Every structure is written in C-alpha cells, then in structure tokens.
Amino acid sequence: MTGGSGVVVLDNGGGLLKAGFGGDMNPTAVVPNCMAKPPGSKKWLVADQLQAQDVDVTGMTLRRPIDRGYLINQEVQREVWERVIRNLLQADPNNSSLLLVEPQFNPPALQHATDELVFEELGFKSLCVADAPSLVHLYEASRQPSLFRAQCSLVVDCGFSFTHASPVLQNFTLNYAVRRMDLGGKALTNYLKELISYRSLNVMDETLLIDDAKEKLCFVSLDVPGDLCLARLSSNDNPFRCSYILPDGITYKKGFVKDLDEACRYSSLPANGESVRKDSSDSDRSKFEDKKKPELSQNEFVLTNERFLVPEMLFHPIDLGMNQAGLAECIVRAIQACHPHLQPVLFERIILTGGSTLFPRFTERLEKELRPLVPDDYQVKIIAQEDPILGAWRGGSLLAHRPDFESMCITKSEYEEMGSMRCRRRFFH
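Residues numbered from 1 in each chain as written. Predicted model: local features only at pLDDT ≥ 70, side-chain atom pairs only at ≥ 80, totals over all residues. Heavy atoms only, no water.

Taking an unreviewed UniProt entry as the reference, the protein chain is identified by name as Actin-related protein 6 belonging to Oryza glumipatula. According to UniProt, the comment filed for the protein chain under the heading Subunit (unreviewed entry) is "Component of the SWR1 chromatin-remodeling complex." (UniProt positions renumbered as here; feature names shortened; annotations may be inferred.)

Shown next, in the form of structure tokens:
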C-alpha cells in the first residue's frame, strides 16, 4: 500500500470517482464512475478502462451507479469500486479503513445500502462518512489559515448532478441553510447534445464525446446579448466558431478540437463585450455567403453560440424554460438562511468547487451577478479552488491523516452488532 495511513479516501462523484490514500496530496485514480459497452460488444469496460488510448467511446451504452446524486445501482457501484480499490489502488479492504465522501441529504435507505457494500461485500474494517462542503472548507482553511480565522465559509459545489450552496461553520455543514439547484454537469452535457443534434449531427448517444467537447470548448459569457450578435457573424469574423472532430475508429479513436488557436479566439475579446461590431449589411451578406459553403464532413460539428449558451443554464435557468433560481440567487438564499452575524463573513468567503466551475470566466461572471444582490456595505470575495475536481478528496485526505481519525469511524463489528442506522448517528447528518 502506498498510503502511509492505511486509509482509502473515496470521493464517489456522479461523474468522476476520485480514489487514493489518506495523507497523499493527490488521488491515485481519477476515473469515470460508470461502466460502458461498445456497440456490438458483450464486454463491459469499467472505470479507467474507458480512458485507455485505444478505446473508441463512440456510441457506447453507459451504466452509471449514481443518478441525480444518489446511488441507484449497487451492482454497478460494486464493480467500479472493486476495479478501483483492488486493481488501481491495490489495497486490501480487510486491513484498510474507508473515508467516503457521500452526497448531502442521503436518505437512510441509501446509507444502509452503502454500508452493506462497504462492510459486507468489500469487507472494509471501518468506515467514516463525510460530506463534500466540510472537506472543501477543511482543505482551504489548511491552505489559507489567515483567511479562515472566522472558521466559516460558503462552499458552492457545481457537481455532476446538482449544484449546492452550503454554509460551513467550524467544519460542520449547516444543513438547514443549504440550497440546491437541480442542475449540474450532466444537465449541461445533455443540453449541448440537444443543441448539436438539432443543428447539425445526431449525437444524442455520444455522452462521453460531448462531455469532452463541453469541457474543452464551453465558456461563460460576460455579455450575453453582445456575444449573441458576434456569434451571427460569418466564419472568419466569428470569434466563437470552432470545429470538433469525432473519432472515425481508424485514424483516431478520441474526439478532438480541430484548431485550438481558433477555438481560443474569444479569450482575446474585451471582457466587457465591447468589441468592434460589423455593419449589419456586411453581417447579413456574410451570413448568406456562409450558407453557400460546402457541408461539413460527416465526422465533425461546428459550435458557435452553444459554447456560452450551455454554461448560461447555471446563471439564468429561467431563460431556458427551467423554473429555478440562478446560481447567484441560490447563494444569496443560502446565506440569508444563516444567522445575521454570519452573513457578511460568508459573503467574503465563497469557495467554488466542482468540475463545472472550471469554465473560463466563471468566477468573474458570478461576482458580476452577485454584487447587485448583496448589501452595499458587504464585501464579496470568491475563492476559486486551484483544482476544483479534487477539492473534496484533498480535504478527505487531510482528515484521514489526523491522529484521531479512527475514533471518528464505525467499525465492522459495531456495524454487525448495532446495524447501519444506529452507527450512522456518529456522523451527525
């Protein structure tokens, strides 16, 4: 075992599973938390097998253990955990403790199913359960002690299934004040699939490929009306236009961006959106000329305004027909649910974590949306994690390395003697 503490730390995300050992800076494995089967094959590929260079993910059938943040397929989860723990970590559960990052507000029935998996099927000797916000806070407080003297922060976790705004005080998440949006990375990928399928190619079955295109090409707009005008320009003048090449199964097995320099042109635009606007007649002429161009090849699609309309879901879901508040309103509601003395401190310590916060310009846009909603005498400070995908795992690694960690755990014998429900009371949530 490579980890000195003998504790396996598992951040069991809906999209990615992060696994390693307590005390390490980085996880040993960051792999898709799913199984997938190529078309015409009977063999299911598990976790890291999907990341192999020679694997073509086109048209794969996916089975995920987690849906909408909760464990729905215990069998698939066991397969993924077995693969990660025994093959990638090469750990022996019988001689290891497990620190598991669990979804907030996990129902008792799913807690029981998880405990069954941990103790009865995998055979871990002890288990500690923690939620992501408290671990993210713990990690950031260890990195910047001066910032966190007040011992509280608001953790905004834009994950795969949900987005949560969670106030944390002295390493405990204040559950009564947590606010949730039913939007995450999965919904954004699905929206991008719909847009591409409607406008160019049918990619409704290409979840893994469109995930990749979203991560490489989408960004947050700081001026949506202005950027929509720019997106109507012809190909040469359009700073957002770019192509994504789909695998052909022969020359290349992975999808990729056709011209990265072209894809990054938008980043040189002024942040306030005040760029040179073309004369409308020129713009209209160029649009007609553009339509005369030959069709794209069968294995590529072009993105223009989709690149910023997809992340826009998080800020203004109502514009896309979703009856939900945007991220800024969600944050304000979470903070307003706390004691008035905490509110100004929380606005100064907003921590961004989760993969969807990686979109370029995410932090600037959130600050721009938040400022009008916050009292003038309050400061707004947003801390973007250096690696938001690993934030909760790194906090878990710190916790697992503490000398008193074992006292926080429930042991296998306690589980067998008292059952899941009574044991779980130790974790306060």
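1. Focus: the overall build of the protein chain
Across its full length, the protein chain holds 16 helices and 20 strands. Each principal axis of the C-alpha atoms in the protein chain carries an extent, and together these give about 75 × 60 × 35 Å. Counting every position in the protein chain, which comprises 429 residues, the buried fraction comes to 53%. Approximately 19,500 Å² of the protein chain is accessible, and the part contributed by carbon and sulfur atoms is 50%. Taking the 48 positively charged and 57 negatively charged side chains of the protein chain as two groups, their mean positions are separated by 1 Å. (Helix = DSSP H or I, 4+ residues; strand = E, 2+ residues; numbered from the N terminus. Buried < 20%, exposed > 50% of the residue type's maximum accessible area, 1.4 Å probe, protein only. Areas by Shrake-Rupley, 256 points an atom, 1.4 Å probe, with all protein chains shown as cover. Lys, Arg positive; Asp, Glu negative; His and termini not counted. Charge placed at Lys NZ, Arg CZ, Asp CG, Glu CD.)

2. Digging into the sheet that holds strand E15 (residues 242–245)
Two pairing modes exist for strands in a sheet, parallel and antiparallel, and in both the strands are linked by backbone hydrogen bonds. Judged by pairing direction, the sheet is antiparallel, and its 3 strands sit side by side in the order E16-E15-E17 without closing on themselves. Edge strands, defined here as strands with exactly one partner in the open sheet, are strand E16 (256–257) and strand E17 (300–303). As judged from the 2 bridges shared by E15 and E16, these two strands associate in the antiparallel manner. Paired with Tyr244 across the two strands is Val257, which belongs to E16. (Pairing = 2+ DSSP bridges.)

3. A closer look at unusual backbone geometry
If a residue is not glycine, its phi is most likely negative; likewise, a peptide bond is most likely trans. You will see that Arg68, though not glycine, has its phi angle at about 50°, which is positive. By the element assignment, Arg68 lies in the loop between strand E7 (66–67) and strand E8 (70–71).

4. A short note on the sheet that holds strand E4 (residues 35–37)
Read across the open sheet, the 3 strands follow the order E5-E4-E6; overall the sheet is antiparallel. Here the strands that pair on one side only, and so sit at the sheet edges, are strand E5 (45–46) and strand E6 (61–63). Sheet topology places E4 next to E6; 3 bridges connect them, and they run antiparallel. When the bridges of E6 are listed, Met35 appears paired with Arg63.

5. So, the nonpolar core
Leu154, Phe301, Ile331, Ile350, Phe362, Leu366 and Leu370 are the most contacted members of the largest nonpolar core, which totals 60 residues. Ranked by residues supplied to this core, first place goes to helix H10 (residues 327–336) with 7 residues. (Core = buried A, V, L, I, M, F, W, Y, C linked by side-chain atoms within 4.5 Å.)

6. A look at helix H12 (residues 362–370)
Within H12 the residues assigned to the buried category are Phe362, Thr363, Arg365, Leu366, Glu369 and Leu370. Buried positions in H12, seen along its axis, are confined to an arc of 165° and lie on one side of it. In the core, the buried residues of H12 are packed alongside strand E11 (152–158), helix H6 (224–231), helix H9 (306–315), H10, strand E18 (350–353) and strand E19 (382–384). (Arc of directions from axis to C-beta. Contact = heavy atoms within 4.5 Å.)

7. What to know about the pairing of E15
The alternating pattern of E15 places Cys242 and Tyr244 on one face and Ser243 and Ile245 on the opposite face, and all of these are buried. Across 4 bridges, E15 lies against E17 in antiparallel orientation. When the bridges of E17 are listed, Tyr244 appears paired with Phe301.

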